[in-house]
Amino acid sequence: MPDPRTVVITGAGTGIGAACARLYAAEGANLVLMGRRREPLEQVAAQTGGLILVGDAACPDTWEGFIAQIRAHHGRLDVLLACAGGHGVGSASQTSPATWEAALRSNLDSAFYSARACLPLLIESAGNIVLLGSIASLAAGPEVCGYTTAKHALLGLNRSLARDYGPRGVRVNAVCPGWVTTPMADQEMQPLMEAYGDTLQQAYVRVCADVPLRRPASADEIAKVCRFLASPDASIITGASVVADGGSSIVDVPTLAYAHMENAHA
């Protein structure tokens, strides 16, 4: 039997990162769970096992010690899932320097420094990197300038890493989800709940009303897309941005008025 793969997951304490941990644990992988808060990591580790590393993925100094621990515990690294991220709310005129820097740090710097630190081990194993993008990597939502800019830039990082390290056996891909039922998205539902008196479930129905599949993804569904991209089944895919958004990005927005007209007369 081959040795189980070693998988590092940033942002492993909640949402898609935690779902990835559960998925890989079921396959017997060696897990390394990284995040800024110990308590959520401990809760995930209680379900999945794994080495807990508490720290900021956007800090290059933190990674130096973490890589030494990964090598000491497992001797190898096969997959990096860069799931760490954060908000970046506000239009350009509303975005303070601190908010701008925080958006870039949590969504872009975290991915860059994670990849840079893990690359030596991934080159040894001909491993994989999966970056967690968003449909905000492809289009702009209202008043999320920092988040949109960082997620767009993440696709540039994806392509650059794939171009430079493909010749050394490392594949790099990005996943771009739409709405996913995670704690972060639950927070984003709050303004709708307050404005319309919606329950949380009703708010998700509202934001998915024009999505072809008419629903958000679960974190487990996105985790499966991440696993596929890092698996031998995707061995020829690198530099790709796989959109997993229920079809929302294919909708021709200027024609929505016609669909709404048909619904009004249904």
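Remember, predicted model here, so these are calculated numbers, not experimental data. Within each chain, residue numbers correspond to sequence positions counted from 1 in written order. Selection of residues for local features in this predicted model requires a pLDDT of at least 70, selection of side-chain atom pairs for listing and counting requires 80 or more, and totals for whole chains, interfaces and linings are taken over all residues. Each side-chain value is derived from all of the structure's non-hydrogen atoms; neither hydrogens nor water enter the calculation.

I would appreciate a short explanation of the pairing of strand E5 (residues 128-132) in the present structure.
In the case of a regular strand, side chains alternate between the two sheet surfaces. Residue exposure (1.4 Å probe, protein chains only): buried if accessible area is under 20% of the type maximum, exposed if over 50%, otherwise partly exposed. Only DSSP runs of H or I with at least four residues qualify as helices, and only runs of E with at least two residues qualify as strands; both kinds are numbered from the N terminus onward. Most of E5 sits out of view: five of its five residues are buried. Burial along E5 is two-sided: the residues Asn128, Val130 and Leu132 and Ile129 and Leu131 are all buried. The rule for pairing is simple: two strands pair if DSSP sees at least two bridges between them. For strand E4 (residues 79-82) and E5, the ladder comprises four bridges, and the chain directions are parallel. Directly across from valine 79, in E5, lies its bridge partner asparagine 128. We call a crossover right-handed when, viewed with the strands running away from us, the connection from the first strand over the helix to the second turns clockwise. In this fold, E4 hands off to helix H4 (residues 97-125), which returns the chain to E5; that crossover is right-handed. As paired elements, E5 and strand E6 (residues 171-177) share five bridges and run parallel to each other. Residue pairing for E6: asparagine 128 is matched across the bridge by arginine 171.

Would you mind showing me how to read the sheet that holds strand E1 (residues 6-10) here?
Strand pairing in a sheet takes place through backbone hydrogen bonds and is either antiparallel or parallel in direction. If you trace the seven strands from one edge of the open sheet to the other, you get E3-E2-E1-E4-E5-E6-E7, paired in parallel fashion. Either end of the sheet is taken by a strand with one partner, and the two such strands are strand E3 (51-54) and strand E7 (241-244). Neighbour to neighbour, the strand axes of the sheet diverge by 15° on average, direction disregarded. Each of E1, strand E2 (30-35) and E3 touches helix H3 (residues 60-74); the most contacted strand, E2, lies at about 165° to it. Note on geometry: axes are lines fitted to C-alpha atoms, helical ones only across the stretch in contact, with angles between N-to-C directions running from 0 to 180 degrees. Residue contacts are defined here by distance: any two heavy atoms, one from each residue, within 4.5 Å place the two residues in contact.

Teacher, can you tell me more about the UniProt feature "domain: Ketoreductase" (unreviewed entry) in the protein here?
UniProt positions are given in the numbering used here, feature names are shortened, and annotations may be inferred rather than shown by experiment. As recorded in UniProt, the sites labelled "domain: Ketoreductase" (unreviewed entry) are residues 5-182. In this annotation, residues 5-182 is assigned 49% helix and 17% strand; the end-to-end C-alpha distance for the span is 26 Å.

In this structure, what is going on with the nonpolar core? I would like to understand it.
Note that soluble globular proteins tend to have their nonpolar side chains buried in a common cluster. Definition used in this section: a nonpolar core is a set of buried Ala, Val, Leu, Ile, Met, Phe, Trp, Tyr and Cys residues joined via side-chain atoms within 4.5 Å. Trp63, Ile129 and Leu131 are the most contacted members of the largest nonpolar core, which totals 34 residues. Mapped onto this core, the elements with two or more residues apiece are E2, E3, H3, E4, H4, E5, helix H5 (145-165) and E6. Broken down by element, this core gets its largest block of residues, nine residues, from H4. Counting 32 residues, the second largest nonpolar core, distinct from the first, contains Ala12, Ala21, Leu41 and Ala219.

Honestly, the packing of aromatic side chains in this entry has me stumped. Any pointers?
Here the aromatic set is Phe, Tyr and Trp, taking the six-membered ring for Trp, and pairing holds for ring centres within 6.5 Å; pairs whose planes are under 30 degrees apart are stacked, those over 60 apart are edge-to-face, and all others are tilted. Under the definition given, this model contains two aromatic pairs. Where tryptophan 63 meets phenylalanine 66, the ring centres are 6.2 Å apart and the plane angle is 80°; that geometry is what we call edge-to-face. Of the two residues, tryptophan 63 and phenylalanine 66 both sit in helix H3, three residues apart, roughly one turn of that helix. Of the residues examined, phenylalanine 66 reaches a relative accessible area of 8% and is grouped as buried. Measuring from centroid to centroid gives 5.0 Å for phenylalanine 112 and tyrosine 113, while their planes differ by 70°, and the two rings are edge-to-face. With relative accessibility at 22%, the residue tyrosine 113 sits in the partly exposed group. For a Lys NZ or an Arg CZ to count as sitting over a ring, it must be within 6 Å of the ring centre and within 35 degrees of the ring normal. In this structure, arginine 206 packs its charged tip against the face of tyrosine 196, placed 3.8 Å from the ring centre.

Whenever I open this one, helix H9 (residues 219-229) confuses me. Can you help?
For H9, every residue scored as buried is listed here: Ala219, Ile222, Ala223, Val225, Cys226 and Leu229. Here the buried residues of H9 occupy an arc of 155° about the axis, which is enough to place them on one side. Buried residues in H9 make contact with helix H1 (15-26), E4, E5, E6 and E7. In this description, the arc belongs to the directions extending from the helix axis to the C-beta atoms.

Can you walk me through the packing of H4 against H5 in this structure?
Geometry of a packed helix pair, given as the angle between the helix axes and the separation of the axes. In contact at an axis separation of 8 Å, H4 and H5 are set at 15° when each is read in the N-to-C sense. In terms of their interaxial angle, H4 and H5 are classed as roughly parallel. At the point where H4 passes H5, the crossing takes the right-handed sense. Contacts between H4 and H5 involve Trp100, Ala103, Leu104, Asn107, Leu108, Ala111, Phe112, Ala115, Leu119 and Ile123 from the first element and Cys145, Gly146, Tyr147, Thr149, Ala150, Lys151, Ala153, Leu154, Leu157, Leu161 and Tyr165 from the second. Along the lines of polarity and charge, the residues of the contact of H4 with H5 split into 17 nonpolar, three polar and one charged. Roughly parallel refers to an angle under 35 degrees, roughly antiparallel to one over 145, roughly perpendicular to one between 65 and 115, and oblique to any angle outside these ranges. Each crossing gets its handedness from the near helix: less than a right angle anticlockwise from the far helix is left-handed, clockwise is right-handed. Gly is placed with the polar residues, together with every amino acid not listed as nonpolar (Ala, Val, Leu, Ile, Met, Phe, Trp, Tyr, Cys and Pro) or charged (Asp, Glu, Lys and Arg).

Could you clarify how one ought to interpret the environment of glycine 88 in this entry?
For glycine 88, the location among the structural elements is in the loop between E4 and H4. In this structure glycine 88 comes out as buried when scored by relative accessible area, which is 4%. Measuring from C-alpha to C-alpha, the distance between glycine 88 and asparagine 30 comes to 33 Å, with 58 residues separating the pair along the chain. Apart from residues no more than four positions distant in its own chain, glycine 88 is found in contact with Ala103, Val144, Cys145, Gly146 and Tyr147.

Would you take a moment to explain unusual backbone geometry for this structure?
Apart from glycine, the bulk of residues carry a negative phi angle, and the bulk of peptide bonds sit in the trans form. With a phi close to 55°, glutamate 143 is a non-glycine residue in the positive phi region. Residue position: glutamate 143 is located in the loop between E5 and H5. We note that arginine 214 has phi near 60°; this positive angle belongs to a residue other than glycine. Along the chain, arginine 214 falls in the loop between helix H8 (200-207) and H9.

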